[in-house]
Structures are given as structure tokens and as C-alpha cells.
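# Geometric and topological summary
Now for the letters of each chain:
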Amino acid sequence: MNYMSACLEVALEEGKYVIGYKEALKTLRGGGAKLVILAKNIPDQMQSEMEKYAAETKTQVICFSGNNFDLGNAIGKYFNVGTVVITDVKVSQDMLRLLADANE
């Protein structure tokens with residue numbers, strides 16, 4: 001989780017992002033989402049709906065290994081965040097590449 005948090009920190013410093021379920025859905029439906037990050041403890045209905053819209057728009061979904069409190073802290077917020085959407089193409093590609101390199 002520490003590596004993922006570091007990647008999130010870098011991504012959020014450089015790129016544009018949206019937090020929160022409703023705003024994330026609006027961004028996904030509008031086609032502006034490039035990467036979706038979900039906390040592990042969001043309700044199943046919310047997760048399935050986010051994954052459905054992400055599949056329709058061919059947006060990759062990453063499940064954050066921590067809960068919504070951890071995800072909020074990882075992006076520098078002091079409240080629970082269940083969903084983060086990265087809207088910058090370059091930042092999302094860099095983040096996915098960093099995570100892929102870490103898993104090798």
C-alpha cells in the first residue's frame with residue numbers, strides 16, 4: 001500500500017483528479033476519466049456500478065489495498081474517500097507503468 005500511496009501522491013501533484021462517488025460517476029459518464037481507483041471497503045453496489053461505467057468507457061480500474069480512510073490519507077485529505085478518478089492521460093499512464101514495474 002505504501003508504494004500505491006506514493007504513486008497517488010505524485011499523480012495528484014501533477015494531474016487533475018476527482019474525488020467522491022457522484023463526481024466520479026459524472027466524470028466516467030462524460031468520458032473524462034482515464035483511471036479509476038476504488039477503496040476496498042466501498043459498498044458492492046457502488047463498486048459494481050463504477051466498474052460497469054468504466055468498462056463501457058474502457059477505463060482501467062485499480063482497487064486500492066486500504067480502506068476509504070487510507071485512500072483519503074493517501075491523497076492528502078483528512079476524510080474518507082472511496083473513489084478517486086484521474087483525468088489526466090499522461091499521469092494515469094505513468095501511474096499504471098509505475099505500478100506494473102513494482103509488480104514485476
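Note that the coordinates shown come from a computational prediction; the quantities given were computed from them, not determined experimentally. (Residues numbered from 1 in each chain as written. Predicted model: local features only at pLDDT ≥ 70, side-chain atom pairs only at ≥ 80, totals over all residues. Heavy atoms only, no water.)

What follows deals with the overall build of the protein. The helix and strand inventory of the protein stands at five helices and four strands. If you list the helices and strands of the protein from N to C, you get α-β-α-β-α-β-α-β-α. Its C-alpha radius of gyration of 12 Å places the protein within 12% of the 13 Å reference for a compact globule of 104 residues. In terms of its C-alpha atoms, the protein occupies a principal-axis envelope of roughly 30 × 25 × 25 Å. (Helix = DSSP H or I, 4+ residues; strand = E, 2+ residues; numbered from the N terminus. Rg over C-alpha atoms; globule rule 2.2 N^0.38 Å.)

The next point concerns the packing of aromatic side chains. Under the criterion given, the structure shown has zero aromatic pairs. For K52, the ring lying beneath its charged end belongs to Y53, and the centroid distance is 4.8 Å. (Phe/Tyr/Trp six-rings, centres within 6.5 Å; stacked < 30°, edge-to-face > 60°. Lys NZ or Arg CZ within 6 Å of the ring centre and 35° of its normal.)

This part covers the pairing of strand β3 (residues 60-63). Pairing between strand β2 (residues 35-38) and β3: four bridges, direction parallel. When the sheet's bridge partners are listed, I37 is paired in β3 with I62. The parallel pair β2 and β3 is bridged by helix α3 (residues 44-56), and the resulting crossover is right-handed. (Pairing = 2+ DSSP bridges. Right-handed = clockwise from strand over helix to strand, strands pointing away.)

With that settled, consider the sheet that holds strand β4 (residues 83-86). Taking strand neighbours across the sheet as the criterion, the four strands line up as β1-β4-β2-β3 in an open arrangement whose pairing is mixed. Both outer strands of the open sheet, β1 (17-19) and β3, are each paired with one neighbouring strand and no more. Neighbour-to-neighbour, the strand axes of the sheet open up by a mean angle of 20°, direction not taken into account. Where β2 and β4 come together, four bridges link them in antiparallel fashion. When the bridges of β4 are listed, L35 appears paired with I86. Most of the contacts of α3 go to β2, to which it runs at about 170°, and overall it touches β2, β3 and β4. (Axes fitted to C-alpha atoms, helices over the stretch in contact; angles between N-to-C directions. Contact = heavy atoms within 4.5 Å.)

Right, let's talk about the pattern of salt bridges for a bit. A full pass over the atoms with the stated rule returns four salt bridges. In this structure, D94 and K90 form a salt bridge, with 3.0 Å as the shortest nitrogen-oxygen distance. You can see D94 and its partner K90 sitting in helix α5 (residues 89-103), four residues apart, about one turn around the helix. Owing to a relative accessible area of 52%, K90 belongs among the exposed residues under this scheme. The partner of D94 in a salt bridge is R97, with the nearest N and O atoms 3.0 Å apart. Of this pair, D94 and R97 are both found in helix α5, three residues apart, which corresponds to roughly one turn of the helix. Residue classification places D94 among the buried positions, given a relative accessible area of 19%. Of the residues examined, R97 reaches a relative accessible area of 49% and is grouped as partly exposed. Three or more residues joined by partner-sharing salt bridges are found here, namely K90, D94 and R97. (Salt bridge = Lys/Arg side-chain N within 4 Å of Asp/Glu carboxyl O. Buried < 20%, exposed > 50% of the residue type's maximum accessible area, 1.4 Å probe, protein only.)

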